[in-house]
Each structure stands twice: as structure tokens, then as C-alpha cells.
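Descriptive analysis of the structure
Listed below are the residues making up each chain.
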Amino acid sequence: QAQWQAVMGSNPSHFTGDPALPVDSVTWTDCQEFVGKLNGLGIGTFRLPAEAEWEYACRAGTATRYFWGDDPERMGDYVWYRDNAGGQTHPVGEKQPNPWGLFDMNGNVLEWCEDWYGPYTPGDKTDPKGPARGSDCAMRGGSWNCGPAYCRSAARGWCAPFCRYNFYGLRLVRLSE
């Protein structure tokens, strides 16, 4: 929330009180505006991750249901989700990171992706992109109000770009300069 506040001059979040909380209650359209303003600051070039990039980062070289393995009983070590979140978001970085050091890839807030949502096409792909257009945007990661199945590395979500809920947030990709 601190980063969003610094760039946008406001905080749309439902859950407040700690600047380390993830921003919530943002639409895909809000995220695009945020990215545009952030890119205008001259500190780098950022965007939302493609859905495939998000999953690649979440898995961190693993091929299991979750980056820590297949056992949902271990979720509490890594994820803020329905069974341990107490109905709200939590400060980023309180749970253990994935093997690549990324925190909160699963749970806390569902993260908007750059791609439009659509079915996967068959066959192996390298750096696949979503459909060229659509009505819904892809989301990944599960949230504080999701059960274990929706917090899997491969779980997919979608919503129209103007949807706003207190469990929707974002993650950024910084492009190499």
C-alpha cells in the first residue's frame, strides 16, 4: 500500500492500517493506470506479468501442485488463505518465500495478470501469450478467502477489467533496462 500511495496519492484498499499490507480493491484498469504513472517516474519500466510468467515465477522450478510440494497441510507456512487469514490481508513477506525468494505468490491477494483470459491451446509453448482480446482478464494466486485448491500454482481466475473486490491486488514485473 505504501508504494501505491506514493505513486497514486491515494489508497483504494479496504484493509488498511499497515503500509506493508498489499494493496487491495484494485481493478485491472486501476493497475494499468498505476503502471503508467510508475513508468513515468523514470525509475524503470514495469508491467503486470503475463499469466505464463506469473506461473513460472510461482513454481520457481518446481512441478508440484504448490511450490513447496503436493501437501496442502503445509500451506500455513507459505500462504495466507481461508483457513488462517482471519478474513483479511496480511503484511507482505510474513510467510516463507518460494525457492526463488518471492513472497506471497499464493494467497493474500489474487493478482491481476496482463493477459486476457482464454483457454489454453494444446501443445508445448515458449513464453505463451493470452488471447489478443477478450472480456475478462486473467488472475492468479488465490487470496485470503480462497481454499487450498484455488491457491495451487496452476489455478486460474478471471474477471472483467473493471471488477473491484477486497481480495484483488497486483504484482509487478520490472523489465530489464
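The written sequence of each chain sets the order in which its residues are numbered from 1. Only residues with pLDDT of at least 70 get local features here, since the model is predicted, and only at 80 or more are side-chain atom pairs given and counted; chain-wide, interface and lining totals rely on the full set of residues. Side-chain descriptors were evaluated using all non-hydrogen atoms of the structure, hydrogens and water having been removed beforehand.

Quick word on the overall build of the protein
Working definition: helices are DSSP H or I runs of at least four residues, strands are E runs of at least two. Numbering for both runs from the N terminus. Helix and strand content of the protein: three helices and six strands. Listing each helix as α and each strand as β along the protein from the N terminus yields α-α-β-α-β-β-β-β-β. Projecting the C-alpha coordinates of the protein onto the three principal axes gives extents of approximately 40 × 40 × 30 Å. Partly exposed residues are those whose accessible area sits between 20% and 50% of the maximum for their type, while under 20% is buried and over 50% is exposed, using a 1.4 Å probe and protein chains only. For the protein, the proportion of its 177 residues judged to be buried stands at 46%. Only heavy atoms matter for contacts: two residues are in contact if any of them lie within 4.5 Å across the pair. When contacts within the protein are restricted to residue pairs at least 6 apart in sequence, long-range pairs at least 24 apart make up 66% of them. In these tables, accessible area is a Shrake-Rupley quantity obtained with a 1.4 Å probe, and a residue counts as shielded only by the protein chains included in the view. Accessible surface, the protein as shown: approximately 8,800 Å² in total, 53% of it carbon and sulfur. Counted charges follow a simple rule, with Lys and Arg positive, Asp and Glu negative, and His plus the chain ends left uncounted. The atoms used to mark charge sites are NZ of Lys, CZ of Arg, CG of Asp and CD of Glu. Charge-centre separation for the protein: the mean point of 16 positive side chains lies 4 Å from the mean point of 21 negative side chains.

Re the side chain of E51
Here E51 shows up in helix α3 (residues 51-59). The class for E51 is buried, based on a relative accessible area of 4%. Every residue in contact with E51, bar those within four places of it in the chain, is listed here: C113, D115, Y120, A138, R140 and R156.

A few points about the side chain of K95
Tracing the backbone through its elements, the reader meets K95 in the loop between α3 and β2 (110-116). Salt bridge, as applied in this entry: a Lys or Arg side-chain nitrogen positioned within 4 Å of an Asp or Glu carboxyl oxygen. Here K95 occupies a buried position and makes no salt bridge, while the nearest side chain of opposite charge, D77, is found at 6.3 Å. Of note is the side chain of K95, whose polar atom sits 2.5 Å from the backbone oxygen of G76. Setting aside residues no more than four positions away along its own chain, K95 makes contact with G76, D77, Y78, V79, W80, N84 and F103. Under this definition, polar contacts are N or O atom pairs within 3.5 Å; protein pairs additionally need one hydrogen-donor-capable and one acceptor-capable atom, and for neighbouring residues in sequence, both atoms have to be side-chain atoms.

Focus on the pattern of salt bridges
Counted by the stated rule, this structure contains nine salt bridges. A salt bridge links E53 to R47; the nearest nitrogen and oxygen atoms lie 2.8 Å apart. In this structure, R82 and D83 form a salt bridge, with 3.3 Å as the shortest nitrogen-oxygen distance. A relative accessible area of 49% places R82 in the partly exposed class. Judged by its relative accessible area of 51%, D83 falls in the exposed class. Through salt bridges with shared partners, a single ionic network connects E51, E55, R59, R140 and R156.

Here we look at the state of the cysteines
The definition used for a disulfide is geometric: two cysteine sulfur atoms within 2.5 Å. With the rule as written, the count across this model stands at one disulfide. Each sulfur of the disulfide joining C159 and C163 lies 2.4 Å from the other. Since a negative S-S torsion denotes a left-handed disulfide, the C159-C163 link at about -75° is left-handed. C163 sits in the buried class, given a relative accessible area of 13%. Left unpaired, C137 is separated from the closest cysteine sulfur, that of C159, by 8.7 Å.

Quick notes on the nonpolar core
Among the nonpolar cores identified, the biggest contains 20 residues, and W4, V26, F34, W112, Y168 and L170 are the most heavily contacted of them. Within the residue set of this core, elements represented by two or more residues are α1 (2-8), α2 (28-39), β2 and β3 (137-140). Counting residues per element, this core draws most heavily on α2, at four residues. Setting aside chain neighbours within four positions, we find L170 in contact with W4, V23, V26, C31, F34, L48, V109, E111 and W112. Residues grouped as a nonpolar core are buried Ala, Val, Leu, Ile, Met, Phe, Trp, Tyr and Cys residues, joined through side-chain atoms within 4.5 Å.

A closer look at the pairing of β2
In regular strands, side chains alternate between the two faces of the sheet. The buried fraction of β2 is high, at five of seven residues. In this structure, β2 lies alongside strand β5 (residues 168-169), joined through two bridges in parallel fashion. For E111, the partnering residue across the bridge sits in β5 and is G169. Bridging between β2 and β3 involves three bridges; their strand directions are antiparallel. Directly across from W112, in β3, lies its bridge partner M139. Any two strands with at least two DSSP bridges between them are considered paired.

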